[in-house]
Amino acid sequence: MRFENRVAIVTGGGMGLGKAYVKALGSEGCKVVIAEYSEPLGKACEQEMRELGYDVLFVKCDVSKEDEVKAMVEKTVETYGKIDILINNAQGADKSSLSTVTEDTTIEMFKINWYTGAFGTFLCTKYTIPYMKQQGYGRIINTASATGVNGMATFSALGSQKEAIRGLTRVCATELGSFGITCNVICPGALTEASRLWKEAYPELYEEAVAPQPIPRLGDPDTDIAPVVMFLASEDSRFVTGQTIGVDGGTTMMP
Ligand SMILES: NC(=O)c1ccc[n+]([C@@H]2O[C@H](COP(=O)([O-])OP(=O)(O)OC[C@H]3O[C@@H](n4cnc5c(N)ncnc54)[C@H](O)[C@@H]3O)[C@@H](O)[C@H]2O)c1
C-alpha cells in the first residue's frame, strides 16, 4: 500500500492509460480524482473503481478550460484535503491530424492537440503547484510521445505540443526540486482501446510499425506502463526529476 494517505489527480482518467493509473493507484490505497471531460467515461470508471473498493471521485473537467481546471483542483482539496500526485495524461485529438503532413495540417488540428495536451498540462500543473509547495512534497508525471522525440512524419500537431510538454517538465523540475517536488515525463507505447482497434483493422500495418522496436510489441497499460508511472508517483523516485522516460519497448531511442 505505497499510496496510503496519498491523494492523486489523473487527467483523462476515464479510459486507456489514465484508467490504468487510477486502478493502480486505487489498488495501493491512494485517493484518486478522475479528471475527465467525458461524463459517461468518468462516471463508468468511478463506478468500476468503487466496486473494487477504491476511494475515487469523478470530477468533470476539460483540462483545456482554465475555470474548469481551477474548480477541479479546488474540489480535490475540498474533498481529500491535499494533492500529492498529479498525472497529466489527458489528450484529445482530431484523429485525422495523426496522419497528415505538416503542409496539410490545419490550425484546427493544431489547436485541439495543443489545447487538450500542452495547455491542459500547463493549467493543471499551475493550479496544483501551490498545494504541493505548501506541504513540501509532490510528484508530477507528464505524458509526451515518441512522435515528438523522434520527429515522426505526419504528427506535427501532436508531436510538437508533446515536445512543449517535455520542455515544461524540465522547467518545473528546476523550479520545484528544492520544494520536494519532482516532475518527470513518460513516452508510452501502449495497446489501449484506440490502438487495439487499429491493430485489428490493419494487422499488417501494426506488425510493420512494431517489428523494428527493440521489444517488438505495444505495451499493456496495466502491466507494462502503469508500474513505471507508479514508481514515478512513489516516494522511491525522490531523486529522479526532469527526466523523459520511454515506456515503449525502446521506441524513443530509435532513429
Ligand atoms: N497509447 C499510446 O501508445 C500512446 C503513445 C504515445 C503517447 N500517448 C499518450 O498517453 C496518453 C494516454 O493515451 P491513451 O492511449 O490512453 O489515450 P485515450 O485516447 O485512450 O484516452 C485519453 C483520455 O483523455 C480524455 N480527454 C481527452 N481530452 C480531454 C480534455 N480536454 N480534458 C479531460 N480529459 C480529456 C479522453 O476522454 C480519454 O479518457 C495521452 O497523453 C497520449 O497522447 C499514448
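The residue numbers shown here count from 1 along each chain, following its written sequence. For a predicted model such as this one, the threshold for reporting local features is a pLDDT of at least 70, and the threshold for listing and counting side-chain atom pairs is 80 or more; totals across whole chains, interfaces and linings nevertheless cover every residue. Think of the side-chain values as coming from all heavy atoms in the structure, minus any hydrogens and water.

Draft legend 1. Molecular detail of the overall build of the chain. In this text, helices come from DSSP runs of H or I with a minimum length of four residues, and strands from runs of E with a minimum of two, each type numbered from the N-terminal end. Broken down by element type, the chain carries nine helices and seven strands. Using C-alpha atoms as the atom set, the radius of gyration is obtained and then compared with a globule rule of 2.2 Å times the number of residues to the power 0.38. For the chain, whose C-alpha radius of gyration is 17 Å, the value lies close to the compact-globule estimate of 18 Å for 255 residues. Each of the three principal axes of the chain carries a C-alpha extent, and together these read 50 × 40 × 35 Å. When a residue's accessible area, from a 1.4 Å probe over protein chains only, is under 20% of the maximum for its type it is buried; when over 50% it is exposed; and in between it is partly exposed. Here the chain, with 255 residues, has 49% of them falling under the buried criterion. Pairs at least 24 apart in sequence give 72% of the contacts found in the chain among residues at least 6 apart. Counting only carbon and sulfur atoms, one obtains 56% of the accessible surface of the chain, whose full area is about 11800 Å². Averaging the positions of the 24 positive and the 32 negative side-chain charges in the chain gives two centres separated by 6 Å. Working rule for contacts: check all heavy atoms of both residues, and any pair within 4.5 Å makes them a contact. With residues, only the protein chains shown are counted as cover, and all accessible areas are computed by Shrake-Rupley using a 1.4 Å probe. By the counting rule applied here, Lys and Arg register as positive and Asp and Glu as negative, while His and the ends of each chain are not counted. All charge positions are set by atom: Lys at NZ, Arg at CZ, Asp at CG, Glu at CD.

Draft legend 2. Just the site of the ligand, in detail. Residues in contact with the ligand amount to 23 residues; listed here are only the nearest, L17, E36, N89, K162 and A190. Within the backbone of C61, a nitrogen or oxygen atom sits 3.4 Å from a nitrogen atom of the ligand. Contact distances for the ligand include 2.9 Å between a nitrogen atom and a side-chain N or O atom of D62. Put plainly, a pocket is an open set of points on a 1 Å grid over the protein atoms alone with protein on both sides within 12 Å along at least five of seven lines, a cavity is a set where a 1.4 Å probe fits but cannot get out, and a lining residue has an atom within 4 Å of a point. Being in a pocket or cavity means that more than half of the molecule's atoms lie within 2 Å of its grid points. The cavity where the ligand resides is the largest pocket. What makes a residue near a molecule or strand is one non-hydrogen atom of that residue sitting within 4 Å of it. Polar contact is the term for a pair of N or O atoms within 3.5 Å; when the atoms are in protein, one must be able to donate a hydrogen and the other to accept it, and sequence-neighboring residues count only if both atoms are side-chain atoms.

Draft legend 3. Main features of the layout of surface pockets. When its volume is computed, the largest pocket comes out at roughly 1800 Å³. In terms of lining residues, the largest pocket is bounded by 49 residues, among which L98, L158, T192, A194 and S195 are the most central. Within the residue set of the lining of the largest pocket, elements represented by two or more residues are α1 (16-27), β2 (31-36), α5 (146-149), α6 (156-176), α7 (193-201) and α8 (203-210). The greatest single-element share of the lining of the largest pocket, amounting to four residues, is contributed by α7. Residues are grouped as follows: nonpolar covers Ala, Val, Leu, Ile, Met, Phe, Trp, Tyr, Cys and Pro; charged covers Asp, Glu, Lys and Arg; every other residue, Gly included, is treated as polar. A breakdown of the residues in the lining of the largest pocket according to their chemical character gives 25 nonpolar, 18 polar and six charged. Grid points are joined across faces, edges and corners, and a volume is the space filled by probe spheres set on the points.

Draft legend 4. Structural view of the environment of G14. In this fold, G14 is placed in the loop between β1 (7-11) and α1. C-alpha separation for the pair G14 and I34, spaced 20 residues apart in sequence, amounts to 6.8 Å. Residues in contact with G14, not counting those within four places in the same chain, are K19, I34, E36, L41 and C45.

Draft legend 5. Representation of the packing of aromatic side chains within the structure. Ring pairs shown here join Phe, Tyr and Trp side chains whose ring centres sit within 6.5 Å, with only the six-membered ring taken for Trp; geometry is labelled stacked below 30 degrees between planes, edge-to-face above 60, and tilted in between. Following the criterion strictly, the structure yields four aromatic pairs and no others. Relative to W114, the ring of F110 lies with its centre 6.2 Å away and its plane at 20 degrees, an arrangement referred to as stacked. Remark: W114 and F110 occur in helix α4 (residues 107-135); sequence separation between them is four residues, near one turn of the helix. For the pair W198 and Y206, a centre-to-centre distance of 6.4 Å together with 70 degrees between the ring planes defines the contact as edge-to-face. For W198, a relative accessible area of 33% gives the class partly exposed. Charge-over-ring contacts are defined here by two conditions on Lys NZ or Arg CZ: a distance within 6 Å of the ring centre and an angle within 35 degrees of the ring normal. Positioned over the ring face of Y137 is R6, at 3.9 Å from the centre of the ring.

Draft legend 6. Looking closely at helix α3 (residues 66-80). By this rule the span expected of a helix is its residue count minus one, scaled by 1.5 Å. A rise of 1.5 Å per residue sets the reference length of α3, with its 15 residues, at 21 Å; its end C-alpha atoms lie 21 Å apart and thus fit the reference within 8%. Considered for burial, the residues of α3 that qualify are V69, M72, V73, T76, V77 and Y80. Taken end-on, α3 shows its buried residues confined to a sector of 130 degrees, consistent with a single buried face. Of the exposed residues in α3, the ones pointing more than 90 degrees away from its buried face are D67 and E78. Where α3 is buried, its residues meet β1, β2, β3 (56-60) and α4. After α3 finishes, the residue G81 shows a positive phi value of roughly 90 degrees. An arc is given here, and it is the one of the directions from the helix axis to the C-beta atoms.

Draft legend 7. Molecular detail of the sheet that holds strand β4 (residues 85-87). In spatial order, the strands read β3-β2-β1-β4-β5-β6-β7; together these seven strands make up an open sheet with parallel pairing. Strands at the two margins of the open sheet, each flanked by one partner only, are β3 and β7 (244-247). Pairwise comparison of adjacent strand axes, ignoring direction, gives a mean angle of 20 degrees for this sheet. Looking at chain direction, β4 and strand β5 (residues 138-143) are connected through three bridges and run parallel. Here, a strand pair is defined by DSSP locating no fewer than two bridges between the strands. Axes here mean lines fitted to C-alpha atoms, for a helix over just the part in contact, with angles spanning 0 to 180 degrees between N-to-C directions.

Draft legend 8. Fine view of the pairing of β2. Burial of β2 is extensive: five of the six residues sit out of reach of the surface. Of the pairings in the sheet, the one linking β2 to β3 comprises five bridges and is parallel in character. When the sheet's bridge partners are listed, V33 is paired in β3 with L57.

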